[in-house]
Amino acid sequence: MARRKIIAGNWKMNMTPSEAVALIETLKPLVATEEADVVFCVPAIDIIPAMEAAKGSNICIGAENMYFEEKGAYTGEISPNMLTDAGVKYVIIGHSERRQYFAETDETVNKKVLKAFEHGITPIICCGETLTQREQGVTIDFIRQQVKIALLGVSAEQAATAVIAYEPIWAIGTGKVATTEQAQEVCAAIRTCVGEIYDEATAAAIRIQYGGSVSASSAPELFAQPDIDGGLVGGAALKPDFGKIVNYK
Ligand code: PGA
């Protein structure tokens, strides 16, 4: 069975609650499609108004982060229950900005992935190499390690429903998109790695996105690759261009 494409926006730290509502109103008609899952991952404070604004549309509201504990003395964190109670179905885990600025590690990523599954939230698990790693020729080794640690303790049934976002760090927010060949090569390697951890069926089911300066012009070729099942889109997700990315064909 062909995998369904999943195109997700990562709003990062942009959009106040009222701006979020206005942007969703603008994008709603532009991202309408039956051919792909469309997810807007928004700042925590925007989740509830965004849910309300997206009602009756094909837009699914997701979160950008989540803590791995259930509740308690963790000032400033958001629990999985808070997300599910608000209707959230997807959460980005381990974005490179969280690894870089907020000290997330492969181990905390794994804890969050396990917790998300426990609560029925689909994790969008991010991985990606630095420019130095790419130049040193260790990209595939590095990505395999990130993926293997992120999926420790995750069952095959769960992994089959997960989303992995391959985002080369040097391509994020830089306008420097990976070539189609580079993106396909790493996404294929991730699928192979998932096949090694689990089995062929799990590898065939898991959805793998490319992220990093995806634009309306680069999306069609990227998303046509055999192992690229959509994208995680930052900057372009805040503009009407996101409609073109979603309807890339
Ligand atoms: P970008 O961000 O599309 O602005 O490069 C992608 C991401 O960080 O998810």
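Above: the structure in question.
Residues numbered from 1 in each chain as written. Predicted model: local features only at pLDDT ≥ 70, side-chain atom pairs only at ≥ 80, totals over all residues. Heavy atoms only, no water.

### Regarding the side chain of E167
The test is simple: Comment: elements are numbered from the N terminus, with helices defined as DSSP H or I runs of at least four residues and strands as E runs of at least two. With a 1.4 Å probe rolled over the protein chains alone, any residue whose accessible area is under 20% of its type maximum counts as buried; one over 50% counts as exposed, and the rest are partly exposed. When charges are counted, neither His nor the chain ends are considered; positive counts come from Lys and Arg and negative counts from Asp and Glu. Salt bridge, as used here: a side-chain nitrogen of Lys or Arg that lies within 4 Å of a carboxyl oxygen of Asp or Glu. When checking whether two residues touch, look at their non-hydrogen atoms; a contact exists if any pair is within 4.5 Å.
Tracing the chain through its elements places E167 in the loop between β6 (163–166) and α9 (180–197). The side chain of E167 is buried and forms no salt bridge, while K12, the nearest opposite charge, is found at 6.4 Å. Leave out the neighbours within four places in its chain, and E167 touches H95, C126, C127, G128, E129, I172, G211, G212 and L232.

### Re helix α1 (residues 17–27)
Worth spelling out the cut-off: Arc definition: directions from the helix axis to the C-beta atoms.
Among all positions of α1, only A20, L23, I24 and L27 are buried. Projected down its long axis, α1 carries its buried residues within an arc of 100°, all on one side. Looking at the buried residues of α1, the elements they touch are β2 (36–42), α2 (47–54) and β3 (59–63).

### Some points on the site of the ligand
Our working rule: Here a residue is near a molecule or strand as soon as one of its heavy atoms is found within 4 Å of it. Each polar contact in these results corresponds to two N or O atoms within 3.5 Å; when the atoms are within protein, one needs to be able to donate a hydrogen and the other to accept it, and residues that are neighboring in sequence are counted only if both atoms are side-chain atoms. Detection works on a 1 Å grid of protein atoms alone, calling trapped sets that fit a 1.4 Å probe cavities and calling open sets with protein on both sides within 12 Å along at least five of seven lines pockets, with lining residues defined by an atom within 4 Å of a point. Criterion for pocket placement: a molecule counts as inside a cavity or pocket if more than half of its atoms are within 2 Å of its grid points. Under this grouping Gly is polar, as are all residues other than the nonpolar Ala, Val, Leu, Ile, Met, Phe, Trp, Tyr, Cys and Pro and the charged Asp, Glu, Lys and Arg.
As a matter of local geometry, the ligand sits amid 13 residues, with K12, H95, E167, G173 and S213 nearest to it. Within the contact set of the ligand, an oxygen atom lies 3.4 Å away from a side-chain nitrogen or oxygen of N10. G173 is positioned with one of its backbone polar atoms (N or O) 2.6 Å from an oxygen atom of the ligand. The site holding the ligand turns out to be the second largest pocket. By residue class, the composition of the shell around the ligand is four nonpolar, seven polar and two charged.

### Examining unusual backbone geometry
The residue K12 is not glycine, and still its phi comes out positive at about 55°. Note that K12 resides in the loop between β1 (5–10) and α1. Non-glycine residue S213 carries a positive phi angle of around 55°.

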